Structure formats: C-alpha cells, structure tokens
Amino acid sequence: CKRQNSGLLLLSTNDKTIKLWKIQEKKAKIISTDVNGGIYGPGRPVLKVPKVTKGDTIVHSVPRRVFANAHAYHVNSISLNSDGETYISSDDLRVNMWNLNYSDQSFNI
C-alpha cells in the first residue's frame with residue numbers, strides 16, 4: 001500500500017476476514033528498574049524515579065481496520081489496485097472490491 005508517515009500498510013487475510021495493518025520501525029523504550037539516585041525528603045524514604053531510555057529499533061504492527069462479513073467462503077486472494085485506495089478480494093464464488101477507508105462496504109463484481 002501507499003506509504004504514509006514512515007509506515008507501510010499491509011493487507012492480510014485469515015479465513016473470511018481481511019485486516020489492514022500499519023507496520024513501522026520504532027525505537028523500543030526501556031524502563032530501568034535500577035535507579036542510581038532518588039528524591040530525598042526529611043525523615044522519609046527515598047522516592048525512586050525510573051529512567052526511560054531508547055533501545056534497539058523494533059518492527060511494530062498495529063491493526064488499522066478489519067474487513068469482515070463479505071465472504072461466505074475462505075478468501076483465496078487479495079490484490080491492491082494501482083490507485084492505492086481500493087483493493088479486490090475473492091473467494092470461491094465471488095469477487096469484491098473494497099475501499100480502504102470503509103470497512104463496512106464492499107461491491108460485488
């Protein structure tokens with residue numbers, strides 16, 4: 001799919017449901033439990049403040065939309081159209097055209 005905000009969009013299918021995923025690389029946040037210092041108060045124990053640092057780059061995926069209830073049989077194939085806004089899915093009996101912005105509508109071709 002078309003690239004947006006340094007992430008990629010991916011279509012996947014499992015049985016009768018199609019999912020649109022956003023996949024991107026980002027720095028992992030590491031929260032340290034060993035704190036070298038703290039905030040002291042008179043007559044009070046040390047208040048330990050955790051430290052957040054950035055770690056290695058990881059691949060992060062988030063489901064954006066779920067396209068369901070349009071196929072009676074298992075989805076055999078999905079294909080993104082060249083306009084980057086629509087895609088086609090097919091099962092054993094029908095072919096549907098979808099718009100990536102509307103998960104509740106499809107057109108039977």
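Remember, predicted model here, so these are calculated numbers, not experimental data.

Once that is clear, we can look at the overall build of the chain. Helix and strand counts for the chain stand at 0 helices and 9 strands. The linear arrangement of helices and strands in the chain, starting from the amino end, is β-β-β-β-β-β-β-β-β. Buried positions account for 18% of the 109 residues belonging to the chain. Counting only contacts in the chain whose residues sit at least 6 apart along the sequence, the fraction spanning at least 24 positions is 44%. About 8,200 Å² of surface is accessible on the chain, with carbon and sulfur atoms providing 50% of the total.

Residues N96 and W98 point to one face of strand β8 (residues 95-99) and are all buried, whereas V95, M97 and N99, pointing to the other face, are not buried. Examined bridge by bridge, strand β7 (residues 86-90) and β8 share 5 bridges and lie antiparallel to one another. Among the inter-strand pairings, Y87 is bridged to a residue of β8, identified as W98. With antiparallel pairing between neighbouring strands as the criterion, β8 and strand β9 (residues 102-108) make up a hairpin whose turn holds 2 residues.

Our next topic: the pairing of strand β1 (residues 7-14). Where β1 lies against strand β2 (residues 17-32), 8 bridges are found, and the strand directions are antiparallel. Looking across to β2, one finds that S12 is bridged to K19. The turn linking β1 back onto β2 is made up of 2 residues, and D15 within it adopts a positive phi angle of 65 degrees.

Attention shifts here to a positive patch on the surface. Taken together, K26, K27, K29 and K54 make up a surface patch of like positive charges. At 3 residues, β2 tops the list of elements feeding residues into the positive patch. You can see K54 is positioned in strand β5 (residues 51-67). For K54, a relative accessible area of 67% translates into the label exposed.

Further remarks concern the environment of D83. As for its position among the elements, D83 is in the loop between β6 (77-80) and β7. Residue classification places D83 among the partly exposed positions, given a relative accessible area of 42%. A distance of 3.0 Å separates a polar atom in the side chain of D83 from a polar atom in the side chain of T86.

Here we take up the nonpolar core. Core analysis: the biggest nonpolar cluster contains 10 residues, these being L9, L11, I18, L20, F67, A70, V75, Y87, W98 and L100. Elements with a contribution of two residues or more to this core: β1 and β2. Every residue in contact with I18, bar those within four places of it in the chain, is listed here: L11, S12, T13, R65, V66, F67, V75, I78, Y87, S89 and W98.

Reading the values: the criteria
Residues numbered from 1 in each chain as written. Predicted model: local features only at pLDDT ≥ 70, side-chain atom pairs only at ≥ 80, totals over all residues. Heavy atoms only, no water. Helix = DSSP H or I, 4+ residues; strand = E, 2+ residues; numbered from the N terminus. Buried < 20%, exposed > 50% of the residue type's maximum accessible area, 1.4 Å probe, protein only. Contact = heavy atoms within 4.5 Å. Areas by Shrake-Rupley, 256 points an atom, 1.4 Å probe, with all protein chains shown as cover. Pairing = 2+ DSSP bridges. Patch = residues over 30% accessible without salt bridge, like charges linked within 9 Å, V, L, I, M, F, W, Y side chains within 5 Å. Salt bridge = Lys/Arg side-chain N within 4 Å of Asp/Glu carboxyl O. Lys, Arg positive; Asp, Glu negative; His and termini not counted. Charge placed at Lys NZ, Arg CZ, Asp CG, Glu CD. Polar contact = N/O pair within 3.5 Å; in protein donor to acceptor, adjacent residues only side chain to side chain. Core = buried A, V, L, I, M, F, W, Y, C linked by side-chain atoms within 4.5 Å.

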